[in-house]
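So you can see what is in the structure, the chains are spelled out below.
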Amino acid sequence: MSKIIDGKSIRDKELKLYKNRVDELKANGLLPCLAVILVGNDPASRVYVNNKKKACENVGIKSLEFALPEETSESEVINLVKTLNRDIGVHGILCQLPLPGHIDKEKVINTISPMKDVDCFHPENVGKLFLGKSHFVPCTPMGIMTMLKYEGIDVSGKHCVIIGRSDIVGKPMALLMLQSNATVTVCHSKTSNLSSYTKQADILVSAVGKAKFVKKDMVKSGAVVIDVGMNKDETGKLCGDIDFDEVKDICSVITPVPGGVGPMTITMLIKNTITAAQAQIN
Ligand code: GUN
């Protein structure tokens, strides 16, 4: 039987530390503030935004929500971002993705001031991340690295296999693991003979978005298995990319869905918001 990583308990420990940092900033006359833009009515996005606001409240960060109707034009969203860039009382800006089809997400992301880009999506920050010099780090990959640290799992010298090459998770995850001296393999939808790679993984990270996609015969005995998936199973219940019931018996450590990576992603957003506010003092 494997160890199940409790993302909520790590989140609570981290948030306690961040609350102290927010208190210090407040004592110095600075109230950290995160502005969240949500366009349209995607129910999953609404849940994510609510959870982000709740985490802000939890540590004493001010959050501003800009919930805009589906038909909002691209230029209206861009103008809002420009206004928030100029507002010295706003330290972090996050535009929840996906955006409606008529809005070019790249244009919106590229408008966010790199100093306020708490998602670390702006090309300037992505470039700095590539060089290991970014002061922001993308939330989900940083959350995973933090979890591994809490569990005493050193990635140095390990073979880390990532399934998924998205800009938000797969690619930055590979960079962070590489920077921590892992040997990294990135697999994706066009990878042939996927399980020949996944079976080599000391640490397997799945970010494909397919319910119960990773089966027992794709995992090496004793591997560490990290599930980034947020899917619905055949009964409509939330589940990850990993077939948890099968895989838990052969791996050494596994993250559950829900209650694994998800809470860590939001925690790292709080960390980046504090970093953004702190940078304005400095
Ligand atoms: N949609 C899904 N994940 C994310 C995220 O990490 N940041 C933003 N802005 N949108 C998302």
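Before reading on, note that the structure itself is shown above.
To start, this report covers the structure provided alongside it. All values reported here derive from a predicted model rather than from experimental measurement. (Residues numbered from 1 in each chain as written. Predicted model: local features only at pLDDT ≥ 70, side-chain atom pairs only at ≥ 80, totals over all residues. Heavy atoms only, no water.)

**Considering the environment of I242**
Structurally, I242 can be placed in the loop between β10 (238–239) and α9 (244–247). Here I242 falls in the buried class, since its relative accessible area comes to 3%. Once you skip the residues sitting within four places of it in the chain, I242 turns out to touch S206, K212, V214, V225, D227, V247 and I254. (Helix = DSSP H or I, 4+ residues; strand = E, 2+ residues; numbered from the N terminus. Buried < 20%, exposed > 50% of the residue type's maximum accessible area, 1.4 Å probe, protein only. Contact = heavy atoms within 4.5 Å.)

**A short note on a nonpolar patch on the surface**
Together, Y48, M230 and L238 line one region of the surface with nonpolar side chains, adding up to about 240 Å² of accessible area. The topology assignment puts Y48 in helix α2 (residues 43–59). The exposure class assigned to Y48 is partly exposed, which follows from its relative accessible area of 30%. (Patch = residues over 30% accessible without salt bridge, like charges linked within 9 Å, V, L, I, M, F, W, Y side chains within 5 Å. Areas by Shrake-Rupley, 256 points an atom, 1.4 Å probe, with all protein chains shown as cover. Salt bridge = Lys/Arg side-chain N within 4 Å of Asp/Glu carboxyl O.)

**Quick word on the site of the ligand**
Close to the ligand lie K52, L94, C95, Q96, L97, D119 and F121, which account for all nearby residues. The backbone of C95 places a nitrogen or oxygen atom 2.9 Å from a nitrogen atom of the ligand. Here the shell around the ligand is built from residues that sort into four nonpolar, one polar and two charged. (Near = heavy atom within 4 Å. Polar contact = N/O pair within 3.5 Å; in protein donor to acceptor, adjacent residues only side chain to side chain. Nonpolar A, V, L, I, M, F, W, Y, C, P; charged D, E, K, R; others polar.)

**Comments concerning the sheet that holds strand β7 (residues 203–206)**
Pairing is parallel in the open sheet, where six strands are placed in the order β1-β11-β8-β7-β5-β6. Sheet topology places β1 (3–4) and β6 (183–187) at the edges, where each strand pairs with a single neighbour. Here four bridges tie β7 to strand β8 (residues 224–227), and the two strands are oriented parallel to one another. Following the sheet pairing, I203 is matched in β8 by V224. Sitting on the sheet, helix α7 (residues 170–179) touches β5 (159–163), β6 and β7, and the angle it makes with β5 is about 170°. (Pairing = 2+ DSSP bridges. Axes fitted to C-alpha atoms, helices over the stretch in contact; angles between N-to-C directions.)

**Notes on the pattern of salt bridges**
Summed over the entire model, instances satisfying the criterion amount to 12 salt bridges. A salt bridge links D243 to K215; the nearest nitrogen and oxygen atoms lie 2.8 Å apart. Placement of D243 in the loop between β10 and α9 and of K215 in the loop between β7 and β8 is noted, with a sequence separation of 28 residues between them. Notably, a salt bridge pairs D249 with K248, separated by 3.9 Å at the nearest N-O pair. Taken together, the shared-partner salt bridges in this structure form one network comprising R46, K53 and E65.

**What about the layout of surface pockets?**
One number sums up the size of the second largest pocket: a volume of about 300 Å³. Elements with a minimum of two residues in the lining of the second largest pocket: α6 (139–150), α7 and α10 (261–281). If one sorts the elements of the lining of the second largest pocket by residue count, α6 sits on top with four residues. Split by residue class, the lining of the second largest pocket holds five nonpolar, six polar and three charged. (1 Å grid on protein atoms, 1.4 Å probe; cavity = no way out; pocket = protein on both sides within 12 Å on 5 of 7 lines; lining within 4 Å. Points joined across faces, edges and corners; volume = space filled by probe spheres on them.)

Interpretation in functional terms is not warranted from these geometric data alone.
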